[in-house]
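These are the residues of each chain, in order.
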Protein chains: 2
Amino acid sequence: MKGIFYGIGVGPGDPELLTVKAVNIIKGADVIITPRTEKQTNSIAFSIAEEYIQEKTEILPLVFPMVKCPETLNSAWENNQKIILDLLEQGKKVVFLTLGDPMLYSTYIYILKELKKTDCNIETIPGIPAFAAIASRLNYPLTEGDDILSIVPATNPKEALEKAFAESDNLVLMKVYKNYEQIIQMLKDYNYIDSAVMISNCGLENEEIVYDLREHEKEKPKYLSTILARKAK
Amino acid sequence: MKGIFYGIGVGPGDPELLTVKAVNIIKGADVIITPRTEKQTNSIAFSIAEEYIQEKTEILPLVFPMVKCPETLNSAWENNQKIILDLLEQGKKVVFLTLGDPMLYSTYIYILKELKKTDCNIETIPGIPAFAAIASRLNYPLTEGDDILSIVPATNPKEALEKAFAESDNLVLMKVYKNYEQIIQMLKDYNYIDSAVMISNCGLENEEIVYDLREHEKEKPKYLSTILARKAK
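Residues numbered from 1 in each chain as written. Chains lettered and ligands numbered in written order. Predicted model: local features only at pLDDT ≥ 70, side-chain atom pairs only at ≥ 80, totals over all residues. Heavy atoms only, no water.

Undergrad: Can you walk me through the overall build of chain A in this structure?
TA: Within chain A, the regular secondary structure consists of 7 helices and 10 strands. With the principal axes as the frame, chain A shows a C-alpha extent of 60 × 35 × 35 Å. Each of the 233 residues in chain A was classed as buried or not, and the buried ones make up 54%. For chain A, the exposed area adds up to about 10,800 Å²; of that, 49% sits on carbon and sulfur atoms. Of the charged side chains in chain A, 26 are positive and 33 negative, and the gap between their average positions amounts to 3 Å. (Helix = DSSP H or I, 4+ residues; strand = E, 2+ residues; numbered from the N terminus. Buried < 20%, exposed > 50% of the residue type's maximum accessible area, 1.4 Å probe, protein only. Areas by Shrake-Rupley, 256 points an atom, 1.4 Å probe, with all protein chains shown as cover. Lys, Arg positive; Asp, Glu negative; His and termini not counted. Charge placed at Lys NZ, Arg CZ, Asp CG, Glu CD.)

Undergrad: Help me out: how do you make sense of the environment of B:Arg230 in this one?
TA: All names here are of chain B. Take Arg-230: it is sitting in strand 10 (residues 225-230). Each C-alpha atom, one on Arg-230 and one on Glu-205, is 27 Å from the other, the two residues being 25 residues apart in sequence. Residue contacts for Arg-230: discarding those within four places in its chain leaves Tyr-140, Pro-141, Asp-169, Asn-170, Asn-191, Tyr-192 and Ser-195. Only 3.1 Å separates the side chain of Arg-230 from the backbone oxygen of Pro-141, close enough to count as a polar contact. (Contact = heavy atoms within 4.5 Å. Polar contact = N/O pair within 3.5 Å; in protein donor to acceptor, adjacent residues only side chain to side chain.)

Undergrad: Which parts of the structure should I look at to understand the relation of the copies chain A and chain B?
TA: The relation between the two copies of this chain is a rotation about an axis and a shift parallel to it. In the superposition of chain A on chain B (RMSD 0.0 Å, axial shift 0.0 Å), the rotation amounts to 180°. What the rotation and shift describe, once combined, is the action of a two-fold rotation axis. A share of 100% of the interface residues of chain A reappears at the interface of chain B, consistent with the copies meeting face to face through the same patch. (Least-squares fit on C-alpha atoms with pLDDT ≥ 70 in both.)

Undergrad: For this particular structure, what's the right way to read the packing of helix 3 (residues 70-89) of chain B against helix 4 (residues 108-115) of chain B?
TA: In a packed pair of helices, the relevant descriptors are the angle between the two axes and the axis-to-axis distance. All names here are of chain B. The geometry of helix 3 relative to helix 4 is characterised by a closest axis approach of 11 Å and an angle of 65° between their N-to-C directions. With respect to their mutual orientation, helix 3 and helix 4 come out roughly perpendicular. Judged by the sense of rotation from one axis to the other, the crossing of helix 3 with helix 4 is right-handed. Only Tyr-110, Ile-111, Glu-114 and Leu-115 of helix 4 make contact with helix 3, whose side of the interface consists of Leu-73, Asn-74, Trp-77, Gln-81, Ile-84 and Leu-85. Looking at side-chain class alone, the contact of helix 3 with helix 4 contains 7 nonpolar, 2 polar and 1 charged residues. (Axes fitted to C-alpha atoms, helices over the stretch in contact; angles between N-to-C directions. Parallel < 35°, antiparallel > 145°, perpendicular 65-115°, else oblique. Left-handed = near helix turned anticlockwise from the far one by under 90°. Nonpolar A, V, L, I, M, F, W, Y, C, P; charged D, E, K, R; others polar.)

Undergrad: Please explain a nonpolar patch on the surface as it appears in this structure.
TA: Judged by side-chain polarity, A:Tyr177, A:Tyr223 and A:Leu224 come together as a nonpolar surface patch covering roughly 370 Å² of accessible area. Its place among the elements puts A:Leu224 in the loop between strand 9 (208-210) and strand 10 (225-230). (Patch = residues over 30% accessible without salt bridge, like charges linked within 9 Å, V, L, I, M, F, W, Y side chains within 5 Å. Salt bridge = Lys/Arg side-chain N within 4 Å of Asp/Glu carboxyl O.)

Undergrad: I tried to follow the environment of B:Glu144 on my own but got confused; where do I start?
TA: Of note, B:Glu144 is situated in the loop between helix 5 (130-137) and strand 6 (149-153). In contact with B:Glu144, other than residues within four places in its own chain, are A:Tyr105, A:Ile109 and A:Lys113.

Undergrad: What exactly am I supposed to notice about the pattern of salt bridges here?
TA: When their charged atoms lie close together, side chains carrying opposite charge are able to pair. In total, this model carries 18 salt bridges over all chains according to the counting rule given. In this structure, the salt-bridge partner of A:Glu144 is B:Lys113, at a minimum N-O distance of 2.8 Å. A residue pair is termed interchain when its members come from two chains, as with A:Glu144 in the loop between helix 5 (130-137) and strand 6 (149-153) and B:Lys113 in helix 4.

Undergrad: Sorry if this is basic, but what is going on with the interface of chain A and chain B here?
TA: Much of the literature gives interface size as the accessible area that the parts lose upon coming together. Facing the 55 residues of chain A at the interface are 55 residues of chain B. Of all residues in chain A, the largest losses of buried area upon contact with chain B belong to A:Glu16, A:Met103 and A:Asn139, amounting jointly to 14% of the total for that side. Applying the counting rule to chain A against chain B returns 6 salt bridges. Close ionic contact of A:Lys21 with B:Asp14 constitutes a salt bridge, the shortest N to O distance being 3.2 Å. At the surface where chain A touches chain B, the tally comes to 31 residue pairs in polar contact (both at pLDDT 80 or more). Within the residue set of the side of chain A that touches chain B, elements represented by two or more residues are helix 1 (20-27), helix 4 (108-115), strand 5 (121-125), helix 5, strand 6 and helix 6 (158-167) of chain A. Its residues placed into classes, the side of chain A that touches chain B shows 32 nonpolar, 11 polar and 12 charged. Judged from the 3 bridges that link them, strand 6 of chain A and strand 6 of chain B form a sheet pairing that is antiparallel. Each bridged residue has a counterpart across the sheet, and for A:Leu149 the counterpart in strand 6 of chain B is B:Ile151. (Buried area = accessible area lost by both parts, 1.4 Å probe. Pairing = 2+ DSSP bridges.)

Undergrad: Honestly, the sheet that holds strand 5 (residues 121-125) of chain B in this entry has me stumped. Any pointers?
TA: Strand-to-strand pairing in sheets goes through backbone hydrogen bonds, with the strands running parallel or antiparallel. Residue and element names in this part refer to chain B. An order of 3-2-4-1-5 is seen for the 5 strands of this open sheet, with the pairing classed as parallel. Both outer strands of the open sheet, strand 3 (58-63) and strand 5, are each paired with one neighbouring strand and no more. Strand-to-strand twist in this sheet, taken as the mean axis angle between neighbours without regard to direction, amounts to 25°. Relative to strand 4 (residues 93-98), strand 1 (residues 4-9) runs parallel, the two being bridged by 6 bridges. Bridging across to strand 4, Tyr-6 finds its partner in Val-95.

Undergrad: Looking at this model, I keep getting lost on the sheet that holds strand 7 (residues 170-174) of chain B. Mind explaining?
TA: Taken in spatial order, the 10 strands make up an open sheet running 9(A)-8(A)-10(A)-7(A)-6(A)-6(B)-7(B)-10(B)-8(B)-9(B), and their pairing is mixed. In this open sheet, the two strands that pair with only one neighbour each are strand 9 of chain A together with strand 9 (208-210) of chain B. Direction aside, neighbouring strands of the sheet carry axes that sit 15° apart on average. Each of strand 6 of chain A together with strand 6 and strand 7 of chain B touches helix 6 (residues 158-167) of chain B; the most contacted strand, strand 6 of chain B, lies at about 160° to it.

Undergrad: Would you take a moment to explain helix 6 of chain A for this structure?
TA: Each α-helix turn comprises 3.6 residues. Residues three or four places apart therefore point the same way. Residues A:Leu161, A:Ala164, A:Phe165 and A:Glu167 constitute the buried set of helix 6 of chain A. Residues of helix 6 of chain A that are buried sit in contact with strand 6, strand 7 (170-174) and helix 7 (180-189) of chain A together with strand 6 and helix 6 of chain B.

Undergrad: Looking at this model, I keep getting lost on the packing of aromatic side chains. Mind explaining?
TA: On inspection of all chains with the given rule, the structure shows 10 aromatic pairs over all chains. Consider the rings of A:Phe5 and A:Tyr108, whose centres lie 6.4 Å apart with planes at 10°: the pair is stacked. Residue A:Phe5 is found in strand 1 (residues 4-9), and its partner A:Tyr108 is found in helix 4; the two are separated by 103 residues along the sequence. Of the residues examined, A:Phe5 reaches a relative accessible area of 0% and is grouped as buried. The buried category is assigned to A:Tyr108, whose relative accessible area is 0%. Among the aromatic residues, those joined into a ring-pair cluster are A:Phe5, A:Phe96 and A:Tyr108. The ring of A:Tyr177 carries the charged tip of A:Lys220 above its face, separated from the ring centre by 4.9 Å. Its end group placed over the ring of B:Tyr140, B:Arg230 keeps NZ or CZ at 4.3 Å from the ring centre. (Phe/Tyr/Trp six-rings, centres within 6.5 Å; stacked < 30°, edge-to-face > 60°. Lys NZ or Arg CZ within 6 Å of the ring centre and 35° of its normal.)

See the structure below:
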């Protein structure tokens, strides 16, 4: 197959946080796939990259259902794969955009795994992970010396969370919305609370930063909130 | 103080992996500080960013000794800080370049902490972390679903390493050079070995990728080697 499939990380939100490489590939793309769910018609990754997309480039919305049922996913994917492979057969440069970094918690990973079973050319372009942008935004060092950093979705079972809190020097806690009170309690129990910072909607107009989590433990956080914390030594 | 101090992550090596924001700030910089050690005169971060630096920009090499002795570090720093604050007083845009991401294991963190004690304006620009570039280069997904990812310098004591291996779903092991045999044994003991990949000098001419670590367990790896691994489920 002559074409190339590019998986591009567009970073966390600011169009200036795309890499030069990502911008160059987007500018030269023949087709840009915008993933959409059945309900949601606009793609956030697309809006972030929009200013770099040239007029000659074809925009191709494909439905990727946000479901955990493998059969629904597979049948939607079969159809999408046919379309993608056909474009690559024609020698096209096909771009798939994804939020943050493509190798961290992205829809792209599913597509990558499926496309790897074929003989098409795949190139993945890294993006700034949201947690790195948050740390820089707050001037909050994540790791020094031999520190161990764990990236932890707070949606994990309590036992897994406890192990991560015990073992790490530094934590990035994502999706703290659901079990916020439990997370605050663990930050206290494992000596992270004094350094913990919570940020919601980083870099956006409605950004909110909470430095003293002890005083905000009873408030429900915003939906897209991340906590950075380091263990007191 | 009217000037701004920018800490910029230039990513892992490819000049195309700087962000658009980093490039724009570098192009508009009045002064670019190139950190150098007493022995080493050229800065890797500087060579990565070099093509974006304009002629009008002053290049200012400052010695940051790579020592763990706080007194030597502090006395070198006092001198550097005077120079930096003086430039900021004059309203200059002063840029400090750092490899990878500024908030992960960088010299910049020391400078940031010291400058935060003053009233100067500091802006940190995130960069692509080396491990993200490696994962994309290898098309190697780091995390899916609720996976916990730990970034682990292999120079940690055995006990800390064992906890990280036990607790995580996915590992990025940095600096595996020193205790390579121990690391391979732990990858086996904790069920990571089958998926483990080692890469040296990622993206450079002398890049080396090792997929089957079982067959290479007796060979000494290259100095700048990183292992990505996920636990068999």
